[in-house]
Amino acid sequence: MRILICEDSVLLREGLVRLLEHTGHEVSAAFPSTEGVVEAVAADPPELCILDVRLPPTFTDEGIRLARTLRARHPQLPVLVLSQYVEERYASELIAAQGGAFGYLLKDRVADVTEFTDAVERIAAGATVLDPEVVAQLLNRRGRDDRMAALTERERTVLAALAEGRSNQAIAALMFLSGASVEKHITAIFQKLGLEQDEHGNRRVLAAIAHLESTGAVPPQTPPTPQTGATR
């Protein structure tokens with residue numbers, strides 16, 4: 001897969017280049033700022049873009065604005081945003097925006113090579129992957145309505161895992177359930193939330209998170225840690 005990186009930290013930028021190349025990917029370009037990125041994507045489109053949230057010159061929201069621009073101009077281009085810590089407003093903006101698959105991960109996740117490369121490949125394949133901390137904050141709202149209150153504890157756990165971009169199979173392994181049980185929980189969740197069922201995981205995740213963000217929700221229960229050898 002051809003990947004473009006935009007990250008101002010030399011150490012992290014070079015680390016990402018080496019990590020991605022070591023795992024069989026090609027880094028088409030690596031930028032220290034947003035300057036020239038839009039033109040580079042237009043001239044030689046990558047298959048995925050990895051962007052830092054805070055970039056020169058102001059180190060505020062340059063990365064988010066770049067992500068929005070790229071997603072608007074190239075709707076099918078997967079984008080992965082990396083952040084030092086959870087910035088809920090920025091995550092919300094990306095979720096609400098129209099565009100292709102995307103991910104929002106904390107930079108700490110890069111240290112887990114297997115988890116990070118797995119997330120990169122899932123995003124490139126069309127999934128939405130949100131950091132568990134981002135999911136927790138989006139769901140952790142003061143308000144709660146009758147629809148969220150109707151979810152069982154296990155259904156909230158399944159919903160949190162679904163919002164992280166996990167497949168039904170991965171959720172089943174994570175929670176030690178059968179595939180049929182997971183499908184049953186997901187069907188119940190969408191029925192209770194009044195959301196139409198959709199076979200496309202990316203759209204289901206976006207619909208679920210957008211709904212929870214706009215209406216308020218209780219915090220998800222922390223999924224159990226998978227045992228050694230469990231499928232992610």
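Residues numbered from 1 in each chain as written. Predicted model: local features only at pLDDT ≥ 70, side-chain atom pairs only at ≥ 80, totals over all residues. Heavy atoms only, no water.

Going by an unreviewed UniProt entry, the chain carries the name LuxR family two component transcriptional regulator and comes from Leucobacter luti.

Undergrad: I would appreciate a short explanation of the overall build of the chain in the present structure.
TA: In terms of regular secondary structure, the chain is built from eleven helices and six strands. Looking at the 232 residues of the chain, the share that counts as buried comes to 50%. A fraction of 70% describes how many contacts in the chain between residues 6 or more apart in sequence connect residues 24 or more apart. Only carbon and sulfur atoms are counted for the fraction: they give 49% of the accessible area of the chain, which is about 11000 Å². (Helix = DSSP H or I, 4+ residues; strand = E, 2+ residues; numbered from the N terminus. Buried < 20%, exposed > 50% of the residue type's maximum accessible area, 1.4 Å probe, protein only. Contact = heavy atoms within 4.5 Å. Areas by Shrake-Rupley, 256 points an atom, 1.4 Å probe, with all protein chains shown as cover.)

Undergrad: Mind showing me how you'd approach the UniProt feature "modified residue: 4-aspartylphosphate" (unreviewed entry) in the chain here?
TA: Under the UniProt annotation, "modified residue: 4-aspartylphosphate" (unreviewed entry) lies at Asp 52. Tracing the backbone shows Asp 52 in strand S3 (residues 48–52). On the basis of relative accessible area, Asp 52 is assigned to the buried category, the value being 4%. Setting aside residues no more than four positions away along its own chain, Asp 52 makes contact with Cys 6, Glu 7, Asp 8, Gly 63, Leu 82 and Lys 107. (UniProt positions renumbered as here; feature names shortened; annotations may be inferred.)

Undergrad: So what exactly am I meant to see when it comes to the pattern of salt bridges here?
TA: Opposite charge on two side chains permits them to pair, given that their charged atoms come into close proximity. All chains considered together, the criterion is met by eight salt bridges. Two residues, Arg 2 and Glu 26, come together in a salt bridge whose shortest N-O distance is 3.7 Å. Of the two residues, Arg 2 is situated in strand S1 (residues 2–6) and Glu 26 in strand S2 (residues 26–31); the sequence distance between them amounts to 24 residues. Residue classification places Glu 26 among the partly exposed residues on the basis of a relative accessible area of 42%. Connected via shared salt-bridge partners are Arg 2, Glu 26 and Asp 44. (Salt bridge = Lys/Arg side-chain N within 4 Å of Asp/Glu carboxyl O.)

Undergrad: Would you mind showing me how to read the nonpolar core here?
TA: Buried together is how nonpolar side chains tend to be arranged in soluble globular proteins. Judged by nonpolar contacts, the single largest core of 30 residues is most densely connected at Val 37, Cys 49, Leu 51, Leu 70, Val 81 and Tyr 104. No other element matches helix H3 (residues 62–73), which puts four residues into this core. Ranked by size, the runner-up nonpolar core spans 21 residues in total, among them Val 17, Leu 48, Leu 105 and Val 129. (Core = buried A, V, L, I, M, F, W, Y, C linked by side-chain atoms within 4.5 Å.)

Undergrad: Hey, could you run me through the environment of Leu 159 in this one?
TA: When you line up the elements, Leu 159 lands in helix H8 (residues 153–163). Given a relative accessible area of 2%, Leu 159 falls into the buried group. Each C-alpha atom, one on Leu 159 and one on Val 135, is 9.9 Å from the other, the two residues being 24 residues apart in sequence.

Undergrad: What should I look at first to understand the packing of helix H9 (residues 168–175) against helix H10 (residues 179–193) in this one?
TA: Two quantities define a packed helix pair, namely the angle between the axes and the distance from one axis to the other. Contact geometry for H9 and H10: axes closest at 9 Å, N-to-C directions at 110°. The orientation of H9 relative to H10 falls into the category roughly perpendicular. Between H9 and H10, the contacting residues are Asn 168, Ile 171 and Ala 172 on the first element and Gly 179, Val 182, Glu 183 and Ile 186 on the second. Residues belonging to the contact of H9 with H10 are distributed by class as follows: four nonpolar, two polar and one charged. (Axes fitted to C-alpha atoms, helices over the stretch in contact; angles between N-to-C directions. Parallel < 35°, antiparallel > 145°, perpendicular 65-115°, else oblique. Nonpolar A, V, L, I, M, F, W, Y, C, P; charged D, E, K, R; others polar.)

Undergrad: Help me understand the sheet that holds strand S4 (residues 79–83), please; the structure alone is not making it clear to me.
TA: Two pairing modes exist for strands in a sheet, parallel and antiparallel, and in both the strands are linked by backbone hydrogen bonds. Spatially, S2-S1-S3-S4-S5-S6 is the arrangement adopted by the six strands of the open sheet, whose pairing is parallel. Two strands in the sheet have a free side with no partner beyond their single neighbour: S2 and strand S6 (129–130). The pairing of S3 with S4 spans four bridges and is parallel. Of the residues in S4, the one forming a bridge with Ile 50 is Leu 80. Strands in contact with helix H1 (residues 10–22) are S1, S2, S3 and S4; relative to S2, the strand with the most contacts, it is inclined by about 175°. (Pairing = 2+ DSSP bridges.)

Undergrad: Even after reading the chapter, I still don't get the confidence of the model for the chain, so can you show me in this structure?
TA: Caution applies to low-pLDDT regions: their predicted coordinates should not be interpreted in detail. Residues at a pLDDT of 70 or more form 75% of the chain, whose mean pLDDT is 80. The least confident element of the chain is helix H11 (residues 201–215), whose mean pLDDT is 53; the most confident is S1, at 98. Across residues 198–202, confidence stays below pLDDT 50; counting only partners more than four residues off in sequence or on other chains, it has six contacts. (pLDDT = per-residue confidence, 0-100.)

Undergrad: What is the right way to read the side chain of Thr 117 from this model?
TA: Relative to the assigned elements, Thr 117 resides in helix H5 (residues 113–124). A polar contact is formed between the side chain of Thr 117 and the backbone oxygen of Val 113, at a distance of 2.8 Å. Beyond its immediate sequence surroundings of up to four residues, Thr 117 is in contact with Leu 19 and Thr 23. (Polar contact = N/O pair within 3.5 Å; in protein donor to acceptor, adjacent residues only side chain to side chain.)

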